[in-house]
2 protein chains.
Amino acid sequence: MPKRVDHEQRRRQIGEALLRIASTRGLQSATMREVAAEAGVSLRLVQYYFHTKEQLLLAALAYLAQQLTERVSASIRALGPITSRAVVYGTLTAILPTDEESVRLTRAYTGFYTLVFSSEAEMATRHGATYPDKLESLLATQIAAAQEAGEVVTDVDPPLTAAALLALTNGLGSSVLGGQRDGAAALRILNDQLDRLFHTGESSTAKDSSHGS
Amino acid sequence: MPKRVDHEQRRRQIGEALLRIASTRGLQSATMREVAAEAGVSLRLVQYYFHTKEQLLLAALAYLAQQLTERVSASIRALGPITSRAVVYGTLTAILPTDEESVRLTRAYTGFYTLVFSSEAEMATRHGATYPDKLESLLATQIAAAQEAGEVVTDVDPPLTAAALLALTNGLGSSVLGGQRDGAAALRILNDQLDRLFHTGESSTAKDSSHGS
DNA sequence: CCTTTTCTGATACGAACGTATCATGATGCG
DNA sequence: CGCATCATGATACGTTCGTATCAGAAAAGG
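Residues numbered from 1 in each chain as written. Chains lettered and ligands numbered in written order. Predicted model: local features only at pLDDT ≥ 70, side-chain atom pairs only at ≥ 80, totals over all residues. Heavy atoms only, no water.

### Focus: the interface of chain A and chain B
Contacts between the two partners involve 34 residues from chain A and, on the opposite side, 34 residues from chain B. Here chain A meets chain B over a buried area of about 2900 Å², counting both sides, of which 58% is carbon and sulfur. Contact with chain B buries area across many residues of chain A, yet Phe117(A), Leu160(A) and Gln180(A) alone supply 21% of it, more than any other trio. Counting residues per element, the ones that place at least two in the side of chain A that touches chain B are helix H6 (100-116), helix H7 (130-148), helix H8 (158-177) and helix H9 (183-197) of chain A. (Contact = heavy atoms within 4.5 Å. Buried area = accessible area lost by both parts, 1.4 Å probe. Helix = DSSP H or I, 4+ residues; strand = E, 2+ residues; numbered from the N terminus.)

Pasting the structure below:
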């Protein structure tokens, strides 16, 4: 038997190359040959590890979801005390394209997302719908908890508000990716809304309490 | 000279065919041949009226923007008395995919939008950025006017809030297009937010004041 | 040592794309 | 009445895509 290389590492290397292309040149530029070149391997190797292109896309999407999840929990963890507000703030800012990494992730994610409602897309049911739903119910739970703690007024509907916050963040992300505004401006808008929800008087972010334009 | 047909009508017929494809099978399925078949003309005719595919896309985008604009003003007009709140409500609900026409428009629009930050896209500067900006400043003006009228509390920042509302609506639209929820659910979420902004006590929509899940 | 299995490379194939070319009715003007 | 010109049709070309095929190198096992 031959050199016995780590298959999973190889697959990951190729999948990451696809994500890199998706976040720079767009998913429609992620052809088999481009991915192979980006990963520094031959086209045959890509075919060897992924029999078909759909398998490659599916694997790359899984890698992307994993990275997104890791980023969300890292963002929450970085905020220190795990309060409901920190979870909400950390979750939303993690998926807002503000720094280089989040721009990469959201760009790639948007590519997959639009691939879903174009093609008949059997991959729609796999990740596309379940991932935002999880995020949304997580947010709803935290908002309800914040209500119990008196940080949020009781007349807001947690599921409705959670959905609104997530949709707001996604919409802001799209505007950043589309070049309408930069990440800092999007963050200001999000913070403004969060401040209105969590009526503690202080701004959500630690570094700056003013949100003037 | 031959039959002397109306060129503009022909171009429109072909452009609409592209939009129809974009909103059903996706923009990447809108090939020259598909557009020709959808419009019921020959491929040569499409080439005759649009020398290159980019010209066709540009023209179709212009048609789409025009239809969107018309829909927004029609939606505002249908609300009767032109109050600030009606303008805001009419604008946002017009671009939310709730009925068949708005689904068509938003689907097509999303296709163009994602085409922009994939390709180097010279068409990004033409419509992509200016259209949302116009909507946003319109909303900001109306929110400020509502503040003057006492319908909105004075501590909200009109530009920031306008941006948030538009981003929220876009995000909700994406979730509807992605199949995460239906148009009615998205409308409930939007109404919930508008009710919180315009503290008149009544729901924004005329038909139902409850927003329970 | 040599077989057998695992991995990698070069190249070919059919389809679909955007675009270009050749050819041909139809019509209004001189 | 013809002929130049606008409008349309049929088809070809070169490229790129996903995928398939043919084949060679490298290392464990007998």
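Moving on from the coordinates now.
### Side note on the environment of Val72(A)
Looking at where Val72(A) falls in the secondary structure, it is placed in helix H4 (residues 53-77). If near-sequence neighbours (up to four positions away) are discounted, Val72(A) is found in contact with Thr91(A), Ala94(A), Ile95(A) and Tyr131(A).

### Considerations on the relation of the copies chain A and chain B
For these two chain copies, the linking operation is a rotation about an axis paired with a shift along it. You can overlay chain A on chain B at an RMSD of 0.1 Å; the transform is a turn of 180° with a shift of 0.0 Å along its axis. Overall, the copies show the geometry of a two-fold rotation axis. When the interface residues of chain A are mapped onto chain B, 100% of them again lie at the interface, so the same face is used by both copies. (Least-squares fit on C-alpha atoms with pLDDT ≥ 70 in both.)

### Concerning H7(A)
Residue and element names in this part refer to chain A. Spanning 19 residues, H7 covers 27 Å between terminal C-alpha atoms, matching the ideal 27 Å at 1.5 Å per step. Among the residues of H7, those classed as buried are Tyr131, Pro132, Leu135, Glu136, Leu139, Ala140, Gln142, Ile143, Ala146 and Gln147. Gly150, located one to two residues past H7, shows a positive phi value of around 80°. (Expected span 1.5 Å × (residues − 1). Buried < 20%, exposed > 50% of the residue type's maximum accessible area, 1.4 Å probe, protein only.)

### A closer look at H8(A)
Residue and element names in this part refer to chain A. The end-to-end C-alpha separation of H8 is 28 Å, in line with the 28 Å expected for 20 residues at 1.5 Å each. The buried fraction of H8 amounts to 17 of the 20 residues, a majority that puts the element mostly inside the structure. Positive phi shows up at Gly179, right after H8, with a value of about 85°.

### Re the UniProt feature "DNA-binding region" (unreviewed entry) in chain A
Those residues carrying the UniProt feature "DNA-binding region" (unreviewed entry) are residues 31-50 of chain A in this numbering. The annotated region residues 31-50 of chain A carries 75% helix and 0% strand content, and the separation between its end C-alpha atoms amounts to 13 Å. (UniProt positions renumbered as here; feature names shortened; annotations may be inferred.)

### Focus on the side chain of Ser102(A)
Residue and element names in this part refer to chain A. Checked against the element boundaries, Ser102 lands in helix H6. A distance of 2.9 Å separates a polar atom in the side chain of Ser102 from the backbone nitrogen of Thr98. Contacts of Ser102, omitting those with residues within four sequence positions, involve Arg71, Ala94, Leu96 and Pro97. (Polar contact = N/O pair within 3.5 Å; in protein donor to acceptor, adjacent residues only side chain to side chain.)

### Considering the packing of helix H1 (residues 7-24) of chain B against helix H6 (residues 100-116) of chain B
Residue and element names in this part refer to chain B. At a closest axis distance of 8 Å, the pairing of H1 and H6 adopts a crossing angle of 90°. Relative to H6, the element H1 lies roughly perpendicular. Side by side, H1 and H6 meet where Leu18, Leu19, Ala22 and Ser23 of the first sit next to Arg104, Arg107, Ala108 and Phe112 of the second. (Axes fitted to C-alpha atoms, helices over the stretch in contact; angles between N-to-C directions. Parallel < 35°, antiparallel > 145°, perpendicular 65-115°, else oblique.)

### Overview of the confidence of the model for chain A
For chain A, the average pLDDT comes to 88, and 86% of its residues sit at 70 or higher. Counting interchain partners and residues more than four positions distant, the pLDDT-below-50 stretch residues 203-213 of chain A has 17 contacts. (pLDDT = per-residue confidence, 0-100.)

### Focus: the side chain of Arg71(B)
Residue and element names in this part refer to chain B. In this structure, Arg71 sits in helix H4 (residues 53-78). Exposure remark for Arg71: the relative accessible area of 12% places this residue in the buried category. Contact partners of Arg71, with chain neighbours within four places excluded, come to Thr93, Ala94, Thr98, Asp99, Glu101, Ser102 and Leu105.

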